[in-house]
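Fold and geometry: a report
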Amino acid sequence: AAEAKALGNAAFTAKDFKEAAKHFTEAISHDPTDHVFFSNRSACYASLEQYEKALEDGTECVKLKPDWPKGYTRKGLAEYFLEKYDDSVDTYKAGLKLAPEDASLKEGLKKSSDAKYNVLGAGVGAGGGGGGLGGLSFDPAALAAVAVKNPKIAAHMQDKELMQKVQMIMQLGQTAPGMQQQMLMQVMQSDPRVLEVVMAMQGMDISTMPGADEMGGSPGGTASSPSRPAAKKQEPKKEEPPDERTPEQKEADEFKTKGNDLYKKKQFQEALEMYDKAIEKEPNELLYMNNKCAVWIEMGAEYWDKAIEALKDVIARRYEINGANPGGASFEKVAKVLNRLAAIYEKKMDFDTAIDYYNRALMEDNNRVTRNALRELERAKEKHDKDSYIDAAKAEEHREKGNEFFKEKKYIEAKGEYDEGIKRNPIDAKMYSNRAAALTKLMAYPDALKDLEECLRLDPKFVKAYSRKGVVHFFMKEYHKAMQAYDKGLAIDPDNEECKNGKEQVINKISETSRSGEVDEEQIRHAMADPEIQQILHDPQINMFLKSMQENPKEAQKAMQSDPKLQEAVSKLMAAGIIRTG
């Protein structure tokens with residue numbers, strides 16, 4: 001198994017993902033209990049854009065090792081590319097509970113949340129692919145943060161030529177993420193420093209990246225014969241800052257660590273005991289109570305009010321706590337407590353209060369995690385408010401009022417009632433059809449067409465929508481489209497009088513227009529904007545026919561009579577006013 005894994009790592013590093021997947025499959029056959037094998041194979045499948053297989057392996061990895069954050073990254077990534085955005089958000093959140101500062105999980109959650117709530121430019125179709133989440137972005141703050149910890153990155157930042165290369169690559173992130181990836185691969189072959197700087201911009205310090213077992217570095221040795229580490233340049237040791245904690249604070253932190261481990265294992269009662277011991281040793285530390293309240297939240301709704309009371313109490317005593325223990329109620333820690341309060345109120349469906357607490361948290365510590373949480377909550381509130389407003393009975397009342405206004409020729413008032421009816425019941429096809437009728441009377445033809453398209457999406461057999469669509473196209477002088485609408489209605493109900501009369505009216509209008517010597521510029525403009533008409537006009541067979549019509553009309557007529565496809569195309573061109581007779 002170890003040998004197969006090593007071969008797989010080597011193939012992955014060489015970007016031979018198909019071969020790497022074969023080696024990891026072999027490793028799994030030797031040891032199907034090793035979560036790393038499934039994680040690595042999931043990464044291979046994602047790189048090959050085989051996301052169903054990537055999800056299967058990611059799921060198995062999490063099942064085998066539920067306390068390993070990397071597994072959630074694999075699973076969440078596959079769900080994202082399968083457009084299972086709700087699942088992806090849940091997976092990344094689960095991973096962040098284990099590793100709250102993991103950059104990959106944070107970025108994955110942001111991308112999935114954006115896609116879930118239809119943020120412009122988000123989602124699988126927005127760019128990127130092949131195992132990524134879109135183009136890389138320029139983040140000078142993240143780069144500077146890594147440079148503080150890593151002198152190597154700080155030195156790279158002083159190299160103007162290197163930074164020009166990086167800047168050139170970063171500029172492609174918004175417009176051409178695929179090209180950006182190709183450019184990055186080419187440049188890093190000749191200058192590996194580029195990759196180090198780019199990763200630092202994404203908030204990742206390459207010096208702290210995991211080894212090949214997590215597909216993050218060059219393949220190492222096998223478990224039975226570890227390779228010798230390369231000799232490292234001796235660097236002067238930095239002195240660790242002195243530990244100024246009191247013995248009680250050290251003991252309290254040990255209890256907190258034990259509590260965190262028990263929390264992850266869902267041993268909630270035991271975790272509470274550890275946090276209580278930590279609070280007893282050091283009562284002037286916000287995080288101990290914050291962690292204790294996290295346990296209460298998980299234990300169920302009956303504990304939520306208790307958690308709210310405890311959290312509000314420590315917020316009220318923040319200055320007292322900070323006076324007794326400097327830093328025990330820092331801005332960052334207060335923000336975490338406020339975020340916890342917001343999370344509880346969100347669970348209680350009190351969205352306005354939750355939003356207020358997130359905003360207060362941002363005033364204490366303006367960080368991306370809180371901003372993302374607030375944005376996601378605001379969209380969840382918007383969806384909840386929209387769903388809560390749905391009431392089919394009230395929608396029907398608005399429809400009936402709209403019908404009364406329509407009969408009285410009060411079309412603006414009728415539209416207002418239909419608007420409200422659609423908000424109350426957005427899946428009622430009749431409501432869209434009725435509003436389209438009012439919009440037609442108000443000569444808002446494009447809006448009327450949108451409503452009729454939505455009506456037919458909800459109920460493809462709704463004949464009245466086709467007859468109304470024919471009317472709209474007729475008024476827009478799109479006679480070829482009017483004919484199509486009436487024909488579709490008659491295909492469902494051959495005896496429908498509105499469609500029959502409408503079609504006859506269109507035929508008469510086409511004949512009248514064709515016989516007249518005048519050219520209707522509006523009709524031609526609408527026709528030339530129609531992709532179907534453009535496609536017909538670009539067809540070589542049609543061009544030959546049109547030329548033949550001018551040179552040899554009899555032969556052209558003969559060719560048309562023997563070719564049903566040509567007959568249909570010519571009929572559409574005549575209805576559109578492109579071909580005229582007489």
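Above: the structure in question.
Procedures and definitions
- Residues numbered from 1 in each chain as written.
- Predicted model: local features only at pLDDT ≥ 70, side-chain atom pairs only at ≥ 80, totals over all residues.
- Heavy atoms only, no water.
- Core = buried A, V, L, I, M, F, W, Y, C linked by side-chain atoms within 4.5 Å.
- Buried < 20%, exposed > 50% of the residue type's maximum accessible area, 1.4 Å probe, protein only.
- Helix = DSSP H or I, 4+ residues; strand = E, 2+ residues; numbered from the N terminus.
- Contact = heavy atoms within 4.5 Å.
- Phe/Tyr/Trp six-rings, centres within 6.5 Å; stacked < 30°, edge-to-face > 60°.
- Lys NZ or Arg CZ within 6 Å of the ring centre and 35° of its normal.
- Salt bridge = Lys/Arg side-chain N within 4 Å of Asp/Glu carboxyl O.

Focus: the nonpolar core
With 45 residues, the main nonpolar core has Y263, L286, C293, V295, L338, L341 and I344 as its most contacted residues. At the level of secondary structure, the elements contributing two or more residues to this core comprise α13 (247–264), α14 (268–281), α15 (286–299), α16 (304–316), α18 (331–347), α19 (351–364) and α20 (368–388). In this structure L286 touches V314, I321, G328, A329, K333, V334 and V337, once residues within four positions along its chain are discounted.

Some thoughts on the packing of aromatic side chains
Considering all chains together, one arrives at 10 aromatic pairs under this definition. Here the aromatic rings of Y80 and F81 are separated by 5.2 Å at their centres, their planes lie at 85 degrees, and the arrangement is edge-to-face. Comparing Y80 with F81, the two get one shared label, buried. Note on Y345 and Y357: the rings are 5.6 Å apart at their centroids and 5 degrees apart in plane angle, and the pair reads as stacked. Within this pair, whereas Y345 is found in helix α18, its partner Y357 is found in helix α19, the two being separated by 12 residues in sequence. A relative accessible area of 8% means that Y357 is categorised as buried. Linked through ring pairs, Y51, Y80, F81 and Y85 together constitute an aromatic cluster. Residue placement shows R424 over the ring face of Y389; its charged tip is 3.7 Å from the ring centre.

Quick look at the pattern of salt bridges
Oppositely charged side chains may form a pair once their charged atoms are brought near each other. Counted by the stated rule, this structure contains 29 salt bridges. Close ionic contact of D253 with R245 constitutes a salt bridge, the shortest N to O distance being 2.7 Å. Relative accessible area serves as the criterion here: at 34%, R245 is assigned to the partly exposed category. Within this structure, K415, D419, R435 and D451 form a network of salt bridges that share partners.

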